[in-house]
Every structure is written in C-alpha cells, then in structure tokens.
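An overview of the molecular structure
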Amino acid sequence: MKFNGRNVSISPASKIGRNVRIGDNCTIYDHVEIGDDTIICNDSVLGEPLAAYYRDESYQNPPTLIGPGSLVRSHAIIYAGCTIGPRFATGHRVMIRENTHIGESCSIGTMSDIQGNVKIGNYCRLHSNVHIAQSCSIGDFVFLYPFSVMTNDPYPPSIDIKGGHIGHYSQVGVHAVVLPGICVGENCLIGANSVVNKRLPDFSLAMGDPAKIVMDVRKYVALGKGNPYPWMKRFERGMPWEGTGFDTWIQQNSGEVKLHDH
Amino acid sequence: MKFNGRNVSISPASKIGRNVRIGDNCTIYDHVEIGDDTIICNDSVLGEPLAAYYRDESYQNPPTLIGPGSLVRSHAIIYAGCTIGPRFATGHRVMIRENTHIGESCSIGTMSDIQGNVKIGNYCRLHSNVHIAQSCSIGDFVFLYPFSVMTNDPYPPSIDIKGGHIGHYSQVGVHAVVLPGICVGENCLIGANSVVNKRLPDFSLAMGDPAKIVMDVRKYVALGKGNPYPWMKRFERGMPWEGTGFDTWIQQNSGEVKLHDH
Amino acid sequence: MKFNGRNVSISPASKIGRNVRIGDNCTIYDHVEIGDDTIICNDSVLGEPLAAYYRDESYQNPPTLIGPGSLVRSHAIIYAGCTIGPRFATGHRVMIRENTHIGESCSIGTMSDIQGNVKIGNYCRLHSNVHIAQSCSIGDFVFLYPFSVMTNDPYPPSIDIKGGHIGHYSQVGVHAVVLPGICVGENCLIGANSVVNKRLPDFSLAMGDPAKIVMDVRKYVALGKGNPYPWMKRFERGMPWEGTGFDTWIQQNSGEVKLHDH
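For clarity, every value in this text was computed on a predicted model and none was experimentally measured. (Residues numbered from 1 in each chain as written. Chains lettered and ligands numbered in written order. Predicted model: local features only at pLDDT ≥ 70, side-chain atom pairs only at ≥ 80, totals over all residues. Heavy atoms only, no water.)

1. Focus: the environment of I190(B)
Residue and element names in this part refer to chain B. If you trace the backbone, I190 turns up in strand β27 (residues 189–190). Accessibility expressed as a relative area gives 2% for I190, which makes it buried. Considered as a pair, I190 and G208 are 18 residues apart in the sequence and their alpha carbons are 8.8 Å apart. Once residues lying within four places of it in the same chain are set aside, the contact partners of I190 are Q171, V172, G173, A176, V184, V196, L200 and A206. (Helix = DSSP H or I, 4+ residues; strand = E, 2+ residues; numbered from the N terminus. Buried < 20%, exposed > 50% of the residue type's maximum accessible area, 1.4 Å probe, protein only. Contact = heavy atoms within 4.5 Å.)

Structure representation (structure tokens):
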C-alpha cells in the first residue's frame, strides 16, 4: 500500500532528490526541493503558498528546501520559503509557516505550530503542540515540551512584535509561556506551567507564574540521580555525541558547538 | 496547480456564489451556501453533518452560510448549521461545530476549536488553538490568544452548562482560562496563564490564578509607549477604522459600534 | 454523498465487520480489524504503521482492533497495535499512537494526542486537546478536560520515563498538568490550570500550582446544588447506570465496578 501515487499532485517546478518517496494525497507546490532519501508521508503539503497566491495572478512561490534523510509524517503543512536542514523529522499535522529556518537533525512534534519567520538551531526537539510566534528564535539542542509557547506581542494587539530567544541546551516545560521579547539563557530549565517574564541567565532553574529563579541548575540534586543538569552527560539519543559522550565530542569541537553549515 | 478540481465532492444541494474557488480534496455537503468571491482552500469540509447523519436515513443537513469575500485555509471543518459573515478568514485545520454564528470580518486561527452553539461578534481575532466551549459568546473586536479557553461546566461532569461572555474590545492572553459562566467586561486585558473565576468589570487589567484585578487598563503605563490601552487608538490593521482612526470612526457611528447586520 | 468510496484505500489484509461504513479518503492499513456496525468517517487513517514501515522491507504491521458500534469522526489517525473496545467515539483529528489500549464506551475529543503505550479504562471521556504521554494510564469513568496533560519524564530529557496514573471517577480540569509518575487517586477533582506534583489520595479536591489539597470533595458544597461530588449520583448520560441510577447499578455489581472484559 506504500507510495502508490494515489491522488498526488507534484508541481513540475519542484525538484525531488534520489530515493525520495512521497505518500498518497500529498501536494508539492512550485519550487520545493526535497533532498535525497527523504520520506514524505501521506496527506502532506509542502511549499504551501502565501496568501497572495490566491489573489495575485503574478504570484511566484518562494523556494522551499527540505533536507536529505528526513521523515515528514502525515498531514504536515510546510509553507513556501522555509529551509530545513538534513535529517528532519516530524510528528503528524505539523504546521510550519513561511520563512522558517531550521537546522540539522531537528524534530517537531504532532500539531506543533511554527508561525513563520522563526529560526530554529540544530538538534532541537519540539514535542507536540508547541507554539512559536513569529520572529522568535531558539538555539541548538533546545527541548520544548507540549503546549509550551513563545509569544511576541508585548502590548496586544500591536504591530510592534518582539520575538524572544531561547539559548542552547535549554528545556522549556509543559504549558510554559515565554513572554514577548524575553531571552532565556543557555542550559536553563523552565518548569511546567511557568510564565517567563524576565531575562533568565544561563543555568537558571526557573518556575512559577511569574517564573522565579529557584537555583542554578547545576546545584539541583535529584533523588538517587545526583545532579541531572546540565543534561548532556546523561542523555545522548539522537545527539551528535551519541556513542562517544558529550565530553569527548565537545573536545573534538574545541569546546564549541560547531555544526555543519546549512 | 490551483483549483483543478482533484478529488472534490460538492453537493448539488449547495449554492456556490460567483467567483468562488474551491480547492482540491474539498467536501461541500448539502445546503451549504458560499458567498461571492470566497476561496475555500484544499482539504476543507463545509457543512459537516451532525451525528444523526450517520444513523438516521431521514437526516436533513441544516443550512450553512459562509459570507462573501472569505478565505478559508486548508483542512477546515465547518459544521452544518453555522452562519458566518462576510470577509471571514481562517488559519489551517480550524474546527467550528454546529450552530455557531460569527459576524463580519472575523478571523480564526490554526487549530482553533469552536465547540458549537457559540456566538462570535464582529472583527474578532482568534489566534491559534483557541478553545471555546458550547454556549459561550464574545462581543466585537475581541482578541483571544493561543490556547486561551472559555469553559462552560461549573461542576463537571454535568448537563447544566453555563457559557460565559467576553465583552467588546477585550483581550485574553495566552493559556488563560475563563471559568464557566463568567462574564468579562469590555476593554479588559487578561494576562497570560490567568484563570478568571469572577466577573470582571470593564477596563480590568487582570492576571494570575485566580485572576486578580491589578488596575484599570487606562492607568497602565508601558515603558516608552505611554498608555497602550484601550488599544483602538494605536492599532487599526484590519479594523473598520483603518485609515480614518478610531475617534473619527466612532463619531461617525454616533459613539456606538454600529456594524452591518448579518 | 455518504460513503461513496471516493479515494479510499483498504488493505486486503484488514478485516471489516458487518455493516461497517468507511468514509471517503480513508486509509485502512494491514491487519486492522473493525467490529460490526462501526462508522469510520472521512479522511481517517487506521493502523498507521510504525516508523520501521518506511525503512524496513520486512516490516509487518501489528494488529489493530476497533470495537463494534464505534464512531470514529473524520481525520483520525490511529496507529497499528492499538486495541479499542466497543462503542468507541471520537471527535475530529484524534491521534492515538501505537500499543494504546482503550476499554469500552470511551470517547476521545478533537485533536487529543495519545502518545502510545497508554492504557485507558472504560467509560472515560477525554475532551479536546488532551495530551497523554507514553506509559501513562487512567482508570474507569475518568474525565479529562481540554489541554490537560499527563507527562512522563521527571528529568527531561531522559530515557527513564515514568507514566502516572489517574484513578476511577476522577476529573482533571482544563490546562491542568499531572507531573511524571504521579498517581491521582479515585474520585479526585483537579482544578483548572493546576500542576499536580504529589500523590493525591482518593476524594481530593486539589488546585493551584503546585496543586494543594483544598478539601475532601465530599465536603464541597456548591451554591444551590448541595454536594456535587462524587458526581455519579447526579450524572448518568452515557454511563452504564443511565436509567437505573448509580446506586442500583453499583449494587447490581456487588459494590464493584465490573465491566465486560475486552
């Protein structure tokens, strides 16, 4: 039953790599480029056009790039103008609006809603139903949990939007909200249901509404677990240090996160 | 690739206006009326039948009305029995259940979930993932932000539901909850993650769980911005006072919000 | 327009009961068994294969079972390896991942997201947008309200997940979060927006972040309503005691919840 081409529409102005498989009921619009060995599951839409498409006969779809080795699960909607690095993975029904740029080896969970003009680094994991407002950005190795939200409008409604930023290695808990323009440092841990209304320095463990810094995450002691943060020494599944360990990997990178350009 | 009629099912008992375009994979059920110049994007369902459709051979689909000049983005599900005014716009995958009545120039964001028997005024903006329980209502020019919720059951589970109301010009923040039967006044601003458990008078700035009235919004001073509320003098995009300004517009309307009947 | 077989794909290795109707655009994968008198509405996917399907030629789809008398509304995605009891009902766009086991007469609301390896008892009601993490379980007659979340990772990110449990007859409010591994007793009521970070004994009325036990639910007095909890004496719609009342029903069951095996 796989990839039998039922009810598929692929623009001749798209560029499909080697060994790409495209599921039933998919629509691939103009100027989409799909890297080699990528799987686009059923009912997905790539290169969804901007609103002008519907009203302006001279509309040209901006280019969309999906990196090689990716797995886009069913019912995705990825807008035109997005560039996504290699080894991208999604849950179902993700929505990624225009001009979103995503690094390598990221995954975006079921029903997450990326509102466009967003920058996502490398090796990030967005779980289900994450909402990122326009103009926000996140670093590398960031984990966002279900229903976490980044916002962008300090005095709604307005046209003066200010996207916030979340630094490398940080974790944002279930139902947590980062208020407009707020910067969360690196290696932070934000508790479930928190509302972050102030800049958080690196290594903050913050929780509550409004979020208060409870301690330095490095001082956090877990029952029978020692110090679980920073987490990179105890978690490696899917990370570039898988097999070698974080310390070795970071040394090989001269103490810096150096990833492939994309 | 536009509107090529791939896998479309349109009931002969529907009424499609002039210059309406209907995307691929759409289903238009019985007794749907679509106003002129409206665009229904791919994979949308209009006039989704009620449960009786599946079990009762004598089922008749109630009429559904989508106003002229609307743009319904892909994967919408709009139930039979809804009436929606002119210049309606949606994000993707909206769900609007039966007997929901929506005024003119409203927009409803991606994955919002309107549970039916809901009344929405004019020029409202529901962002992504707004959830409105049955029997709730909102006035005109109301903005609801992502994951905000109106509820209706004071002692769950019950059959004694009490929908709440949100007054004209009010704003409800990300992840905020309005508890069952609660009325929010006009020109209120409800902070992110608040739980509103009491009636809020007009011009309340309220936040917290339970939400406390912090001040009159008119006294709120924003750094470098002066008094941002009421917001109508500083925001006009898509509003009926766009170009003329709110003061002029309201004077032209003899100090009252007078909109076209629908 | 009903069930006209437009763009349907049904595996010959599935087993479809008597009087089953399958809507347009549905995909039924290998080894799905659908009980008699069940309705699968348009655009649904049953037996969605696991990731190995896409990469491993020897992949065999595990069996999926949907009980008789069910109504799966449109755009559902139910993974292979799930077993679901009789009289199941869903809203739209539900997502149920692999190895989820659901008892009889349950309903799961629009956009709810069951992450797999989840156990759900009998007569449960999950409203819209409920998120249940892997390895969590809930008892019988449990009601979960919109955007409520059960989580499973105490020190994210990790591979040591600990699913929590919610006991029979309990209610979890809008936007409430149950933290990893936490057990909620029977007959509890958890307020909107609460974060449950500790074991709750039976009959707890708990609210806040972190949730505090406010009183025994049996002592809760509602204005003009008396003692609304436990709720089983005042609510019977769709429950097995509908028509006879809870007391009679529980006596007939020798004081125990005894339901059909499934």
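2. Some thoughts on the packing of aromatic side chains
Tallying each qualifying case throughout the model produces 60 aromatic pairs over all chains. With 5.9 Å between their ring centres and 85 degrees between their planes, Y29(A) and Y53(A) make a pair best called edge-to-face. With Y29(A) in the loop between β4 (27–28) and β5 (32–34) and Y53(A) in helix α1 (residues 52–55), this residue pair connects regions lying 24 residues apart in the sequence. The two residues Y29(A) and Y53(A) agree in class, both being buried. Taken together, a centroid distance of 4.8 Å and an interplanar angle of 85 degrees make the contact between W241(B) and F246(B) edge-to-face. Judged on exposure class, the residue W241(B) and its partner F246(B) are both buried. Joined through ring pairs, the aromatic side chains of Y123(A), F141(A), F143(A), Y145(A), Y169(A), W231(A), F235(A), W241(A), F246(A) and W249(A) make up one cluster. Between R234(C) and the ring centre of Y229(C), over which it is positioned, the NZ or CZ distance is 5.1 Å. (Phe/Tyr/Trp six-rings, centres within 6.5 Å; stacked < 30°, edge-to-face > 60°. Lys NZ or Arg CZ within 6 Å of the ring centre and 35° of its normal.)

3. Quick look at the interface of chain A and chain C
Between chain A and chain C, the contact holds 43 residues from the first and 44 residues from the second. For the pairing of chain A and chain C, the buried interface totals around 3,500 Å² over both sides, and the portion due to carbon and sulfur atoms is 55%. In this structure, the connection of chain A to chain C is made through one salt bridge. A salt bridge links K225(A) to D160(C), with the nearest nitrogen and oxygen atoms 3.4 Å apart. Here chain A is connected to chain C by 20 residue pairs in polar contact (both at pLDDT 80 or more). Residue composition of the side of chain A that touches chain C, by class: 19 nonpolar, 15 polar and nine charged. (Buried area = accessible area lost by both parts, 1.4 Å probe. Salt bridge = Lys/Arg side-chain N within 4 Å of Asp/Glu carboxyl O. Polar contact = N/O pair within 3.5 Å; in protein donor to acceptor, adjacent residues only side chain to side chain. Nonpolar A, V, L, I, M, F, W, Y, C, P; charged D, E, K, R; others polar.)

4. Quick notes on the relation of the copies chain B and chain C
When chain B is fitted to chain C, the residual RMSD is 0.0 Å, and the transformation amounts to a turn of 120 degrees plus an axial shift of 0.0 Å. In short, the pair behaves as if placed about a three-fold rotation axis. (Least-squares fit on C-alpha atoms with pLDDT ≥ 70 in both.)

5. Brief notes about the pattern of salt bridges
Residues and elements named next belong to chain A. Inspection of the entire model under this criterion finds 24 salt bridges over all chains. Of the charged contacts, one joins D36 and R18 as a salt bridge, the two residues approaching to 2.6 Å between their closest N and O atoms. Placement of the pair is D36 in the loop between β5 and β6 (39–40) and R18 in the loop between β2 (15–16) and β3 (21–22), with a sequence separation of 18 residues. One salt bridge connects E104 with R87, and the closest N-O pair in it is separated by 2.5 Å.

6. Notes on a nonpolar patch on the surface
All names here are of chain A. On the surface, a cluster of nonpolar side chains totalling about 240 Å² of accessible area is made up of M207, V214 and M215. Relative to the elements of secondary structure, V214 occurs in strand β30 (residues 212–216). Given a relative accessible area of 45%, V214 falls into the partly exposed group. (Patch = residues over 30% accessible without salt bridge, like charges linked within 9 Å, V, L, I, M, F, W, Y side chains within 5 Å. Areas by Shrake-Rupley, 256 points an atom, 1.4 Å probe, with all protein chains shown as cover.)

7. Side note on the side chain of N42(B)
As for its placement among the helices and strands, N42(B) is situated in the loop between β6 (39–40) and β7 (45–48). Looking at N42(B), its side chain comes within polar contact range of the side chain of Y29(A), at 3.2 Å. Apart from the residues lying within four places of it in its own chain, the contact partners of N42(B) are T27(A), Y29(A), G23(B), D24(B), C26(B), S74(B) and H75(B).

8. Looking at empty space enclosed by the protein
Considering all chains together, one arrives at six cavities of 30 Å³ or more under this definition. Here the largest cavity defines a volume of roughly 130 Å³. If you trace the largest cavity, you find 13 residues lining it, with D43(A), H75(A), D43(B), D43(C) and H75(C) closest to the centre. Partitioning the lining of the largest cavity into residue classes produces two nonpolar, eight polar and three charged. (1 Å grid on protein atoms, 1.4 Å probe; cavity = no way out; pocket = protein on both sides within 12 Å on 5 of 7 lines; lining within 4 Å. Points joined across faces, edges and corners; volume = space filled by probe spheres on them.)

9. Regarding the interface of chain B and chain C
Taken together, the contact between chain B and chain C spans 43 residues of the former and 43 residues of the latter. Between chain B and chain C the total buried area reaches about 3,500 Å² when both faces are included, carbon and sulfur atoms providing 55% of it. It is Y54(B), Y155(B) and P157(B) in chain B that bury the most area against chain C; as a group they hold 22% of the surface buried on that side. Where chain B touches chain C, the interface holds one salt bridge. Our count for the contact surface shared by chain B and chain C stands at 20 residue pairs in polar contact (both at pLDDT 80 or more). Counting residues per element, the ones that place at least two in the side of chain B that touches chain C are β4 (27–28), β7, α1 (52–55) and β10 (77–79) of chain B. When residues of the side of chain B that touches chain C are assigned to their parent elements, the largest contribution, three residues, is made by α1(B). Taken together, the residues that form the side of chain B that touches chain C break down as 23 nonpolar, twelve polar and eight charged.

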